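Residue-level listing of the chains:
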Amino acid sequence: LYLESQVRVGFLGSGVGLSLVLGFGVAYACYYLNSIAKKPQLVASNDRFCRFLEEYCPVVTETYYPTIWCWEGRVQTLLRPFITSRPQVQYRNELIKTADGGQISLDWFDNNDSSYYPDASTRPTVLLLPGLTGTSKESYILHMIHQSETLGYRCVVFNNRGIAGEELLTPRTYCAANTEDLEAVIHHVHSLHPSAPFMAAGVSMGGMLLLNYLGKTGRDTPLMAAAIFSAGWNVFESVESLEKPLNWLLFNYYLTTCLQSSVSRHRQMLEKLFDMDLVMKARTVREFDKQFTSVMFGYRSIDDYYEDASPCRKLKSVGIPVLCLNSVDDVFSPAHAIPVETAKQNANVALVLTSCGGHIGFLEGIWPRKCTYMDRVFKQFVQAVFEHGNKIFSM
């Protein structure tokens, strides 16, 4: 009994448990390094654009190391809003009128303390477009502004109608296909600072809207360039993916309730034209769009709306340099729907495709509290455009 008490040890201390743990750790590390951590795929037909990105935006050619304990796309998508920090940003709000009598809320970060660009008239300006029900308060928007602040740039956030607390003055909200409000905002911002370099960045639906605008205007835009993050390229494929049982449970139902919540606040205005009881019964994004969005913007059917809203159909007409970041495990934009071949036909377009990252996830580091891979792509590309853009504008 004495000898037994002297040699009795725990599972790990016996050496067997420790060996199993170490073996599992080594195996997981090998799997992570061989199958998870990879360089993104850079798709661009223009050699000059590729060289420009390699020199001034090298992050798009470096290995992306997703957070080792949450690299799967759905997990990254779900955790990002809770894990990432929310930098403090002081906005100046501006309400602008639209031609149809409505109003749009813009949140400005003027960066008047900028030491790099003390002259406000020539301070570079970045227009930011949040996602489907997002506003200037989203963590990914706050991080973009924080990155811009360190570079001395000014930012302005385009909040879609009725989303950021302002009242609807007309029974109209927004959609991914209709670019009228975005055109008004771009014209307004440019008219205020006509001598300032000007570009835009859109996230998720904001990216889709921006791409549809660029496909419509070609080179006829005051924007120098654009950055697109986690855009849904083909809406038909996006909603089909989101209607799979697990994705419906994790994302679709929640998004639908967010959309319903955003319009229910304006019910008194909207029920003049819509059966709001029917709208509030929707259980998927497709049902909401069928009963509300497609009807609001005069489409004959939801298929007509989804076809018009899909940026993949307008990518050939983009006339300024655009960098688009997507993850191939994004359930909002399935890999097979990313228009790789179409992108190769337009010298102005570059796609950056990561193997992991989910939808607006792109977490990296052991504890991904601050900067994400998406933030680094944004910062480097914006800086490259504003400080070295002349090297790609002659493409």
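Criteria and cut-off values
- Residues numbered from 1 in each chain as written.
- Predicted model: local features only at pLDDT ≥ 70, side-chain atom pairs only at ≥ 80, totals over all residues.
- Heavy atoms only, no water.
- UniProt positions renumbered as here; feature names shortened; annotations may be inferred.
- Pairing = 2+ DSSP bridges.
- Helix = DSSP H or I, 4+ residues; strand = E, 2+ residues; numbered from the N terminus.
- Axes fitted to C-alpha atoms, helices over the stretch in contact; angles between N-to-C directions.
- Contact = heavy atoms within 4.5 Å.
- Phe/Tyr/Trp six-rings, centres within 6.5 Å; stacked < 30°, edge-to-face > 60°.
- Buried < 20%, exposed > 50% of the residue type's maximum accessible area, 1.4 Å probe, protein only.

Where an unreviewed UniProt entry is consulted, the protein appears under the name Phospholipase ABHD3, with the organism given as Oreocharis arfaki. The Sequence similarities (unreviewed entry) comment attached to the protein in UniProt states, word for word, "Belongs to the AB hydrolase superfamily. AB hydrolase 4 family." According to the UniProt record, the Subcellular location (unreviewed entry) comment for the protein reads "Membrane".

A.B. asks: Describe the sheet that holds strand β1 (residues 41-44), and please don't skip the residues or the numbers.
C.D. replies: Across the sheet, nine strands lie side by side as β1-β9-β8-β7-β6-β4-β5-β3-β2; this open sheet has mixed pairing. Two strands lie at the open edges of the sheet, namely β1 and β2 (92-97), each paired on one side alone. Neighbour-to-neighbour, the strand axes of the sheet open up by a mean angle of 20°, direction not taken into account. Sheet topology note: the strand β7 (residues 226-229)/strand β8 (residues 322-327) ladder contains four bridges and is parallel. Following the sheet pairing, I228 is matched in β8 by C324. Sheet contacts for helix α7 (residues 205-217): β4 (125-129), β5 (154-159), β6 (198-203), β7 and β8; angle to β6, the most-contacted strand, approximately 135°.

A.B. asks: If you had to explain the packing of aromatic side chains to someone new, which residues and values would you point to?
C.D. replies: Here the structure, examined in full by the defined rule, presents 15 aromatic pairs. Taking the centre distance of 5.4 Å and the plane angle of 50° together, the rings of F52 and Y56 count as tilted. Highlighted residues: F52 and Y56, both in helix α3 (residues 47-56), separated by four residues, approximately one helical turn. Where Y64 meets Y373, the ring centres are 4.7 Å apart and the plane angle is 35°; that geometry is what we call tilted. Of this pair, Y64 sits in the loop between α3 and α4 (73-83) while Y373 sits in helix α15 (residues 373-388); the two residues are 309 residues apart in sequence, bridging distant segments of the chain. Like Y373, Y64 is buried. Of the aromatic side chains, those joined through ring pairs into one cluster are F236, Y299, Y305 and Y306.

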